[in-house]
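# Fold and geometry: a report
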Amino acid sequence: DDAFENCIALRCVVLPNSLQKIGNGIFRGCTSLEHAVLGNGIKRIPDGCFNNLQNLIDVTIAPDVVEFGDRAFLNCHKLKQVLFVDTKQSTALSGTDFESLVSGTSIDDQKSFTLDALERIGESAFENCFVFDGLYLKYRLRVIGDFAFANCRAMRTISLPKSIAVFGVGVFSG
């Protein structure tokens, strides 16, 4: 947990495909962080992973992530995109590779996203992420936690699967 806590000069981070797990709040206090690439080994975005990173613009993760933990992206006001890219082809990403990932690999207008493997979205996972404009969730999703997308003011398109068994309070409030 808290591996990069308070690294206030950190603007970009690329974690390797060999990494299997990251701890809760790993980037807590990294107030300058704008871009993050998480390797294919990471299948769960833990609780508070990017919580309160108001300068975060985009995050690249594997397309088969199964869970966004509670408060994973809470208060990431500038978060424009979560990119789902298979980075297995790259064992090491250079600055140029990172820029190409950031600039052209998002799905549907660089603000909307889709996930086939996602099973759970935790409480307040994307609360106060003001710039998301669409959400496409697939058939494996079972749980959407309380206030998961509260105050996502730009949200215009929502597609929810029939597989949802638990739909929290105030999921799309605000």
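Quick caveat: nothing in here was measured; it's all calculated off a predicted structure.

Reading the values: the criteria
- Sequence positions are assigned chain by chain, starting from 1 and proceeding in written order.
- Local features in this predicted model are restricted to residues whose pLDDT is 70 or higher, and side-chain atom pairs enter the listing and the counts only when it is 80 or higher, whereas totals over whole chains, interfaces and linings include all residues.
- No hydrogens and no water enter the side-chain calculation; it runs on all heavy atoms of the structure.
- Runs of H or I in DSSP of at least four residues are treated as helices and runs of E of at least two as strands, each being numbered from the N terminus.
- Remark: exposure states derive from per-residue accessible area (1.4 Å probe, protein chains only) relative to the maximum for the residue type, with buried under 20%, exposed over 50%, and partly exposed in between.
- Whether two residues are in contact is decided by their heavy atoms: any pair within 4.5 Å suffices.
- Note on areas: these come from Shrake-Rupley sampling with a 1.4 Å probe, and a residue is covered only by the protein chains present in the view.
- We treat two strands as partners when DSSP finds at least two bridges between them.
- Note on definitions: salt bridges are taken to be side-chain nitrogens of Lys or Arg within 4 Å of carboxyl oxygens of Asp or Glu.
- A pair of Phe, Tyr and Trp rings is counted when the ring centres sit within 6.5 Å of each other, with Trp represented by its six-membered ring. The angle between the planes then sorts it: under 30 degrees is stacked, over 60 is edge-to-face, the rest tilted.
- To obtain an axis, a line is fitted to C-alpha atoms, over the contacting stretch when the element is a helix, and the angle between two such axes runs from 0 to 180 degrees between their N-to-C directions.
- What is meant by a nonpolar core is a set of buried Ala, Val, Leu, Ile, Met, Phe, Trp, Tyr and Cys residues, joined one to another through side-chain atoms within 4.5 Å.
- The quantity known as pLDDT measures the predictor's confidence residue by residue, on a range of 0 to 100.

### Topic: the overall build of the chain
Broken down by element type, the chain carries one helix and twelve strands. Counting from the amino terminus, helix and strand elements in the chain follow one another as β-β-β-β-β-β-α-β-β-β-β-β-β. Across the 174 residues of the chain, 48% fall into the buried class. Restricting the contact set of the chain to residue pairs at least 6 apart, pairs at least 24 apart contribute 37%. Counting only carbon and sulfur atoms, one obtains 49% of the accessible surface of the chain, whose full area is about 8,100 Å².

### Regarding the pairing of strand β6 (residues 81-84)
Alternating positions in β6 separate into two faces, Q81 and L83 on one and V82 and F84 on the other, with burial throughout. Judged from the four bridges that link them, strand β4 (residues 58-61) and β6 form a sheet pairing that is parallel. Considered in β6, the bridge of I61 is made with F84.

### Focus: the pattern of salt bridges
One pass over the full model with this rule turns up five salt bridges. Across the salt bridge formed by E34 and R11, the nearest N and O atoms sit 2.9 Å from each other. On the criterion of sequence distance, the pair formed by E34 in the loop between β1 (12-14) and β2 (35-37) and R11 in the segment before β1 is long-range, its members being 23 residues apart. Put simply, E67 and R120 hold a salt bridge, and the shortest N to O gap is 2.6 Å.

### Quick word on the packing of aromatic side chains
Counted by the stated rule, this structure contains nine aromatic pairs. Between F68 and F73 the ring centres are 5.9 Å apart and the planes differ by 65°, which places this aromatic pair in the edge-to-face class. Accessibility assignment for this pair places F68 and F73 in one class, buried. When the ring of F149 is compared with that of F172, the centres are 5.6 Å apart and the planes differ by 10°; the resulting orientation is stacked. Separated by 23 residues along the polypeptide, F149 in the loop between β10 (143-144) and β11 (157-159) and F172 in the segment after β12 (166-167) bring together distant segments of the chain. By relative accessible area, F149 is classed as buried at 2%.

### Considerations on the sheet that holds strand β8 (residues 120-121)
Sheet architecture is open: five strands sit in the order β3-β5-β8-β10-β12, paired in parallel fashion. In this open sheet, the two edge strands, each paired with only one partner strand, are β3 (44-45) and β12.

### Some words on unusual backbone geometry
Within the chain, N52 stands out as a residue other than glycine whose phi angle is a positive 65°. As for its placement among the helices and strands, N52 is situated in the loop between β3 and β4. Relative accessible area serves as the criterion here: at 40%, N52 is assigned to the partly exposed category. Unusually for a residue other than glycine, N151 sits at a positive phi of about 60°. Here N151 is to be found in the loop between β10 and β11.

### A short note on the sheet that holds β4
Overall, parallel pairing links the four strands, which are arranged β1-β2-β4-β6 in an open sheet. Both outer strands of the open sheet, β1 and β6, are each paired with one neighbouring strand and no more. Each strand axis lies, on average, 10° off the axis of its neighbour in the sheet, ignoring direction.

### Here's the deal with the nonpolar core
The biggest cluster of nonpolar side chains holds 40 residues, and the ones touching the most others in it are F27, I45, F50, F68, F73 and F126. In this view, F27 contacts F4, V13, L15, L33, L38, C49, F50 and L53; residues no more than four positions away in its chain are not counted.

### Regarding the confidence of the model for the chain
Per-chain confidence: the chain averages 79 in pLDDT, with 79% of residues scoring 70 or above. Looking over the chain, one finds the lowest element-wise mean pLDDT in helix α1 (residues 95-102), namely 38, and the highest in β12, namely 94. Across residues 89-113, confidence stays below pLDDT 50; counting only partners more than four residues off in sequence or on other chains, it has 48 contacts.

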